[in-house]
Amino acid sequence: MTFVGVGALLVCAYLLGSINAALVVARARSVDIRAVGSGNPGASNVLRAMGKGPATVVYLADLLKGWLPAVVGLAVWDATIAGMVGLGAVIGHCYPAFHRLRGGKGVATAGGVVLALSPLVMALMIGVYAVALAVTRISAVGSLAAVLLAIPALLLAGVDSGAVGWFGVATLLILLRHRSNLARLRAGTENKLTR
């Protein structure tokens, strides 16, 4: 019964993750978010294309997609299950069933998982992102710095190592999804946030 329940939550987490808030918000304003800016259906590109209000809605929705399954996993089972189903939501965001497996980068959704596991570490991630963004004006630098710092921070905060392991897998996926950003960073051509 536990196996069935975890499996059902994992499927639900993936399907929830597959709902792309950037596409929904952009379509409501008659914008094809994949045809503007970086083309990425995420909060940073929505910020560039449509401003702070729509970007905030997208960020919070993406955060919620990771937080909700992880909170359910924590409440019903434990932190390891929370980390696993949180990874399911991140996979859904990156490879959504509803959008031909063409999704976003997964950072905000992973942040939702961290928020469920340790709000203090999430606050640290936001701080790291803000500082890196202020210095570089490049969202990808802040995102990657925050996600990479989260792993040792979760361990130092005493979060279960199984949960941190699942988050580590999510981090590898996020790095994979940022490979074009990393190439542009090396070339000095990465997009900067101007709003």
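Reading the values: the criteria
- Residues numbered from 1 in each chain as written.
- Predicted model: local features only at pLDDT ≥ 70, side-chain atom pairs only at ≥ 80, totals over all residues.
- Heavy atoms only, no water.
- 1 Å grid on protein atoms, 1.4 Å probe; cavity = no way out; pocket = protein on both sides within 12 Å on 5 of 7 lines; lining within 4 Å.
- Points joined across faces, edges and corners; volume = space filled by probe spheres on them.
- Helix = DSSP H or I, 4+ residues; strand = E, 2+ residues; numbered from the N terminus.
- Nonpolar A, V, L, I, M, F, W, Y, C, P; charged D, E, K, R; others polar.
- Buried < 20%, exposed > 50% of the residue type's maximum accessible area, 1.4 Å probe, protein only.
- Axes fitted to C-alpha atoms, helices over the stretch in contact; angles between N-to-C directions.
- Parallel < 35°, antiparallel > 145°, perpendicular 65-115°, else oblique.
- Contact = heavy atoms within 4.5 Å.

All right, on to the layout of surface pockets then. For the largest pocket, the calculated volume is near 1,100 Å³. In terms of lining residues, the largest pocket is bounded by 48 residues, among which Ala 43, Ser 44, Tyr 129, Ser 139 and Ser 143 are the most central. Among the elements of the structure, α3 (43-50), α4 (52-76), α6 (107-117), α7 (119-136), α8 (139-156) and α10 (179-187) are those that each provide at least two residues to the lining of the largest pocket. Examining the composition of the lining of the largest pocket, we find that seven residues originate from one element, α7, more than from any other. Classifying every residue of the lining of the largest pocket by side-chain character gives 17 nonpolar, 19 polar and twelve charged.

Moving on: the environment of Ser 143. Locating Ser 143 in the fold gives a position in helix α8. Along the sequence, Ser 143 and Thr 80 sit 63 residues apart, while their C-alpha atoms lie 24 Å from each other.

The phi dihedral of Leu 101 falls on the positive side, at around 65°, and the residue is not glycine. Relative to the helices and strands, Leu 101 is located in the loop between α5 (79-94) and α6. Within the chain, Arg 137 stands out as a residue other than glycine whose phi angle is a positive 65°. Exposure remark for Arg 137: the relative accessible area of 34% places this residue in the partly exposed category.

As a further point, take the packing of helix α9 (residues 161-177) against α10. α10 packs onto α9 with a crossing angle of 55° between their chain directions and a minimal axis gap of 4 Å. Of the possible angle classes, the one that applies to α9 and α10 is oblique. In this structure, α9 contributes Leu 175, Leu 176 and Arg 177 to the contact, and α10 contributes Arg 179, Asn 181 and Leu 182. Across the contact of α9 with α10, the residue classes break down as three nonpolar, one polar and two charged.

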